[in-house]
Amino acid sequence: MGSTREHETDSFEESPITPTRLGAAAAVMDVVVFAAVGHLALDDVAIGGIAGLLVGIGVFCFLPLFVHADGDGSFEELASAGDGAPLRAFHRLAAGFALSAAGLVLLATGFAELEIVVGLPAALAVAVAVYLVAGFALPNARVPR
């Protein structure tokens, strides 16, 4: 029996909720939740808040792309056809993964009881490494307008 779901229509077409707004709402909630975790578990709101900000910006970057991805989870149709150099333009999907990983590393350094002056450079190093690897491994997808 075939699927009755229409693949050609955009489910956000007539809705006030867009994928970008959904990503922004998730980003705000990440900041709040990570700041609460930082306060309750680490007694340091700064580490939790900065980690939440990094994860939130990362989620804001990649969540709209996941919402727009086709049924099999492929980003190929969202990528530009003439993209020869993967890191020449801003790679939204790679940036989202990199910033989210950086936020988790920063929170992990807080749990390891390291100072923020150690955690921030470690988180930024992880962000650069993940961005470079994901930038070459994943297509440079763009959110359709």
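It should be emphasised that the depicted structure is a prediction, and the values quoted were computed from it without experimental measurement.

K.L.:
What am I meant to see in the overall build of the protein chain here?
P.N.:
Looking only at helices and strands, the protein chain has 4 helices and 0 strands in total. The 145 residues of the protein chain split such that 34% are buried. Sequence-distant contacts, at least 24 apart, represent 78% of the contacts inside the protein chain between residues at least 6 apart. Carbon together with sulfur atoms contributes 65% to the accessible area of the protein chain, which is approximately 8,700 Å² in total.

K.L.:
What am I meant to see in helix α3 (residues 92–111) here?
P.N.:
Helical periodicity: at 3.6 residues per turn, an α-helix aligns residues three or four positions apart in one direction. Over its 20 residues, α3 extends 29 Å from the first C-alpha to the last, a length consistent with the 28 Å expected when each residue adds 1.5 Å. One or two steps after α3, the chain reaches E113, where phi turns positive at roughly 60°.

K.L.:
Looking at this structure, I do not really get the environment of E115. What am I missing?
P.N.:
Secondary-structure assignment places E115 in the loop between α3 and α4 (116–137). In this structure E115 comes out as exposed when scored by relative accessible area, which is 56%. Along the backbone, E115 and I47 are 68 residues apart, and their C-alpha atoms lie at a distance of 9.2 Å.

K.L.:
How should I be thinking about the packing of aromatic side chains in this particular structure?
P.N.:
This structure, assessed with the given rule, holds 3 aromatic pairs. Look at F62 and F97: their rings are 5.3 Å apart centre to centre, the planes differ by 45°, and that puts the pair in the tilted class. With F62 in helix α2 (residues 45–68) and F97 in helix α3, the pair connects residues that are 35 residues apart, well separated along the chain. Relative to F97, the ring of F66 lies with its centre 6.1 Å away and its plane at 40°, an arrangement referred to as tilted. Of this pair, F66 sits in helix α2 while F97 is found in helix α3, placing the two residues 31 residues apart along the sequence. For F97, a relative accessible area of 28% puts it in the partly exposed group. Through a chain of ring-to-ring contacts, the aromatic side chains of F62, F66 and F97 assemble into a single cluster.

K.L.:
Explanation requested: the environment of V33 in the structure shown.
P.N.:
Checked against the element boundaries, V33 lands in helix α1 (residues 19–42). Among the residues examined, V33 registers a relative accessible area of 43% and is labelled partly exposed.

K.L.:
How should a nonpolar patch on the surface be read in this particular structure?
P.N.:
On the surface, V28, M29, V32, V33, V37 and F111 cluster together into a nonpolar patch covering about 520 Å² of accessible area. The greatest single-element share of the nonpolar patch, amounting to 5 residues, is contributed by α1. Within the secondary structure, V28 is located in helix α1.

Cut-offs and rules
Residues numbered from 1 in each chain as written. Predicted model: local features only at pLDDT ≥ 70, side-chain atom pairs only at ≥ 80, totals over all residues. Heavy atoms only, no water. Helix = DSSP H or I, 4+ residues; strand = E, 2+ residues; numbered from the N terminus. Buried < 20%, exposed > 50% of the residue type's maximum accessible area, 1.4 Å probe, protein only. Contact = heavy atoms within 4.5 Å. Areas by Shrake-Rupley, 256 points an atom, 1.4 Å probe, with all protein chains shown as cover. Expected span 1.5 Å × (residues − 1). Phe/Tyr/Trp six-rings, centres within 6.5 Å; stacked < 30°, edge-to-face > 60°. Patch = residues over 30% accessible without salt bridge, like charges linked within 9 Å, V, L, I, M, F, W, Y side chains within 5 Å. Salt bridge = Lys/Arg side-chain N within 4 Å of Asp/Glu carboxyl O.

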